[in-house]
Amino acid sequence: MKPIDKHSAAHYTWAEVCQSWVLADEEGLVVKQEEMPAGSREQLHVHHHARQFFYILSGVAHFYVEDKVWVVKEQQGLLILPGEKHFIANETKLALSFLVISSPGTSMDRVNL
């Protein structure tokens, strides 16, 4: 065990312009720090087993969950339950940074809609 941050974590790009750093990836738990540039969004999808908690570090996120839109600001979080169709969007002119904690992990539990 040792401290981890964006500079030492595994990294990947998603949705062509968004960044993700894997801070923890253990059986039953995945923690990532992610950044979305202004105007970016992910695809509508669902997880059948995983629940995800998103915590906004900076910026403002728009979460589309089922038939609702949630605006989540810095230092606020939102829990997405298994089976809820959802996606996150950055509809502002500033970058969005957040943590996403998934239990269990989502690598084999994501269905794009």
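Use the structure listed above.
On a predicted model such as this, the values are computed, not experimentally measured, just so you know. (Residues numbered from 1 in each chain as written. Predicted model: local features only at pLDDT ≥ 70, side-chain atom pairs only at ≥ 80, totals over all residues. Heavy atoms only, no water.)

Student: Before we go on, may I ask you to explain the environment of Ala24 in this structure?
Tutor: With respect to the helices and strands, Ala24 occurs in strand 2 (residues 18-26). Taking the relative accessible area as the measure of exposure, Ala24 reaches 23% and is therefore partly exposed. Spatially, the C-alpha atom of Ala24 lies 8.5 Å from that of Ala9, the residues being 15 residues apart in sequence. If sequence neighbours within four positions are ignored, Ala24 has contacts with Leu29, Val30 and Val31. (Helix = DSSP H or I, 4+ residues; strand = E, 2+ residues; numbered from the N terminus. Buried < 20%, exposed > 50% of the residue type's maximum accessible area, 1.4 Å probe, protein only. Contact = heavy atoms within 4.5 Å.)

Student: Can you help me understand the pairing of strand 1 (residues 10-14) in this one?
Tutor: Remember that side chains alternate between the two faces of the sheet whenever the strand is regular. As paired elements, strand 1 and strand 2 share 5 bridges and run antiparallel to each other. The residue of strand 2 that forms the bridge with Tyr12 is Ser20. Between strand 1 and the antiparallel strand that follows it, strand 2, lie 3 residues; Ala15 among them carries a positive phi value of about 50°. (Pairing = 2+ DSSP bridges.)

Student: Got a minute to help me understand the environment of Ser8 in this structure?
Tutor: Within the secondary structure, Ser8 is located in the segment before strand 1. Ser8 sits 15 residues away from Leu23 along the chain, and the two C-alpha atoms are 8.7 Å apart.

Student: Could you clarify how one ought to interpret the packing of aromatic side chains in this entry?
Tutor: Aromatic ring pairs are defined here through the distance separating the ring centres and the angle between the ring planes. Under the definition given, this model contains 4 aromatic pairs. With a centroid separation of 5.8 Å and an interplanar angle of 45°, the aromatic rings of Phe54 and Phe98 are classed as tilted. With Phe54 in strand 5 (residues 51-58) and Phe98 in strand 10 (residues 96-103), this pair connects stretches of sequence that are 44 residues apart. The residues Phe54 and Phe98 share a single accessibility class, namely buried. A centroid spacing of 4.6 Å and a plane angle of 5° characterise the contact between Tyr64 and Phe87, whose relative ring orientation is stacked. (Phe/Tyr/Trp six-rings, centres within 6.5 Å; stacked < 30°, edge-to-face > 60°.)

Student: Explain the pairing of strand 10 here, please?
Tutor: Across 7 bridges, strand 3 (residues 29-36) lies against strand 10 in antiparallel orientation. Directly across from Glu35, in strand 10, lies its bridge partner Ser97. Where strand 5 lies against strand 10, 7 bridges are found, and the strand directions are antiparallel. Note on strand 10: the bridge partner recorded for Ser58 is Ser97.

Student: Sorry if this is basic, but what is going on with the nonpolar core here?
Tutor: Side chains that are nonpolar tend, in soluble globular proteins, to be buried together. Core analysis: the largest hydrophobic core is formed by 15 residues, its most contacted members being Met36, Phe54, Ile56, Phe63, Ile88, Leu96 and Phe98. For this core, the secondary structure elements donating two or more residues are strand 5, strand 6 (60-65), strand 8 (77-80) and strand 10. Non-local contacts of Met36, meaning those with residues more than four positions away in its chain, are made with Trp14, Cys18, Arg41, Glu42, Ile88, Ala89, Asn90, Ala95, Leu96 and Phe98. (Core = buried A, V, L, I, M, F, W, Y, C linked by side-chain atoms within 4.5 Å.)

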